[in-house]
Every structure is written in structure tokens, then in C-alpha cells.
Amino acid sequence: MKTQPRIFSGIAMAVLSIFISISGSSQVVSTANAALYKKATASSAESPSLAAGNAVDGNSSTRFESGHSDNEWLTVDLSQVFLVSNVVLSWHADYATDFDLLFSRDGSFTDLITDSIHVRHNLLSGNFTNTVKAKMNCSARFVRMQGIHRATGNGYSLYEFAVAGSRLLNGLLPVTLTDFTAVYQPPNAVLEWVTTTEFKSGGYFVERSMDGNQFTAIGYVPAVNGGTVTSHYSFNDKQVLAGKNYYRLKVTDVTGLSGYTQGVSINTNSNAGLRLYPMPVLDHLVVGFPASAGETVTISLYNPSGQPVYRTRITAQGSQQTQLISRTAEMVPGQYFLSVSTSGSKQYTQQVVLQ
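Residues numbered from 1 in each chain as written. Predicted model: local features only at pLDDT ≥ 70, side-chain atom pairs only at ≥ 80, totals over all residues. Heavy atoms only, no water.

Strand order in the open sheet made by the four strands is β21-β20-β23-β24, with antiparallel pairing throughout. This sheet does not close on itself; its edge strands, each paired only once, are β21 (308–315) and β24 (347–354). Averaged over all neighbouring strand pairs, the angle between strand axes comes to 15°, with direction disregarded. Of the strand pairs in this sheet, strand β20 (residues 296–302) and β21 are connected by seven bridges, and their pairing is antiparallel. Directly across from Thr-296, in β21, lies its bridge partner Thr-315. (Pairing = 2+ DSSP bridges. Helix = DSSP H or I, 4+ residues; strand = E, 2+ residues; numbered from the N terminus. Axes fitted to C-alpha atoms, helices over the stretch in contact; angles between N-to-C directions.)

Moving on, we come to the nonpolar core. By size, the foremost hydrophobic cluster in this structure holds 34 residues, and its most contacted members are Trp-91, Phe-103 and Phe-161. Of all elements in the fold, only β4 (73–91), β5 (96–104), β6 (117–119), β8 (139–150) and β9 (157–168) reach the threshold of two or more residues within this core. Leave out the neighbours within four places in its chain, and Phe-103 touches Val-84, Val-87, Phe-109, Asp-111, Leu-112, Asp-115, Ser-116, Ile-117, Cys-138, Ala-140, Phe-142 and Val-143. By size, the runner-up hydrophobic cluster in this structure holds 22 residues, among which are Val-281, Leu-301, Ile-325 and Tyr-348. (Core = buried A, V, L, I, M, F, W, Y, C linked by side-chain atoms within 4.5 Å. Buried < 20%, exposed > 50% of the residue type's maximum accessible area, 1.4 Å probe, protein only. Contact = heavy atoms within 4.5 Å.)

Bringing the sheet that holds strand β18 (residues 275–277) into the picture now. Taken in spatial order, the three strands make up an open sheet running β18-β19-β22, and their pairing is antiparallel. In this open sheet, the two strands that pair with only one neighbour each are β18 and β22 (320–326). Between one strand axis and the next, the sheet turns by 15° as a mean value, whatever way the strands run. Of the pairings in the sheet, the one linking strand β19 (residues 284–290) to β22 comprises seven bridges and is antiparallel in character. Each residue of the ladder has a partner; that of Leu-285, found in β22, is Ile-325.

Put into C-alpha cells, the structure is as follows:
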């Protein structure tokens, strides 16, 4: 079963902080220097006291210096894939007038050749620093400074080799998923998710389970690979099972690496405690429902075409919660569908009539 992605550009409605991970929960982490204290190697070193590790030790009084020839390099292994934003080279007076910055995910430096940056006629003075912005959506684990020509007769010498970027804590996939929801719209379940970072991604396998443990793939949505543009996706499960249905996404990248999102669920049988008034709806609707204090609650109202005309996310203040929905001009007369879901896995659904 397939459905085409529904894609928009803009700002995500609300961030639920669900991220792709290989195991456990994850969050996006940005760092000014992913190279700090990581493994560094070089084509040569002038002496043991000027070794490659000095360029990533965070100490501005130590430095790396290569052998005294043009064709020399320094590589840092970031230990996992980062979305690289820029590279900062803090040079000694023995700097490079011409050099390349090379990026790789596997250490070969042939897989990301189009992301390479060529710096030529580099004339420095004062603080002897190059700050080089990476190309858009450059994802790499290995970063190399490849010397072409030296400014002096000595080797290439760096006090620090810093790489700024972002990553997924406990994860390796180049996707940032900021919202994943499931809403029961009889007879279907509508799954929606939002990405704010997406590059070199393969796509999304939608998986369903009755117990939250054993999942089966029920569909696939190809990735848009929108880079850092916000993208919205949706998938309709037209064969919803009676009772509770659990859903998750299996996310793949172009190399075959895969990981899973946290799960969401719906319950086709549970509506106890949901109160709606007045009915039918004239100018407003009051929604009452049980909730635990502190739970995050998502309330959505869908028109007869299945498009959301109202959506809000609130934090429950007590065991009995109410929310006022004021009617707007786009809420024309007809039969609508209301969904209330909580972070505590409560799910309420009801059809309502707007006169």
C-alpha cells in the first residue's frame, strides 16, 4: 500500500520532539566543535611534539605541523555523521595559501566529492584564521584539510581544527523528525509527520502493531530530501484494526542504514469521558475530556474533506480538562471529525455536526 507525501514548506505547527534513533530516545545536538578530542591523523608530522592530535586538543598553545612539503593532509574522525555547517582553521604563521576541504562518510574521501571546498590564493595576517562555510546538506564523519601550496618553507601548521555541525544523539540517520501523530478518522487512521532536516534519506516505512511489540510494514512513503526546509508527510491506514493500533516509522538512508521513531497509537473503541457541547455546533464547541495534569494534549477538528480547520496543543492542568473551539469562517456547515490525543496514550474521537 502506498500513498504520496503531502509536502509543504514553512514552519512546523508544533514541535513534539520526536527524533530518529538507532536505539533509545534522541535529540538534536548542535556543537561549535565536533572535532574536539576526536581522533586526528596526518600524512606526516614534523616531530612527535607537533603531532596531529594537537590540532584537536582545545589548547591554543599546542599545534600540529606537517612535514615540509606541499602535498600533506590532516584528517579528523568525528566518530559519527554530522550535518556540517562550517570548518574553522586556526593557523600558525605556517599556513596554506591553497588547500582543499574534503568530506566523507566512510573515510574514502571519494563518496562526497561534490561537497569538497577549494580555497585558493589564501592570504592571511593577524589571527591567521580561516572560517569556511560547508555546502548545503553536507553530512560527513571525516573531514580533511588537504594542503596544496604552503605560505612558507615549513610545513602546514594548525593550532586548532574545528568542525561545527549538528547530529542526532544516539542516532546516525540524516533526518530530524519533529512531529509524528496518528488520528483516527473513521474508518481510517491518518498519520502525519514533519521533518526539519532531511538529506540523503531513502524514505519511510509505516509499520503497525496490535501490541506495541511486533510490527508489520503497511506502506511506504519516499523521502523528499528537502534539506533544511520543513516538509510535511501523511499516510492513510485504510485497514485499521479494532481496538488499539500502534504505529511507528522505519526510516532509511541511501546507504541502507535504518532506524525507528518512537511510537504513536489510536484506539478505535475508547471514547469514555469525552464531552461535547452544545450539539449541533452553532458558534462554538466546548470539548471536555479526562487527562492527567502535565500531559500534552493535541486537539484537532477536520472538515468533511479530511483537512484540519483547527488544531492546538495544550498542557493539561487537571484531571478534567476543557477547551473552547470558536467557529471560524472556514468552518462551513457539515459533518466534522474531532480528535483528542494525549501524551499519556489517551485517544478520543467523535463526529460533530456544524449547522
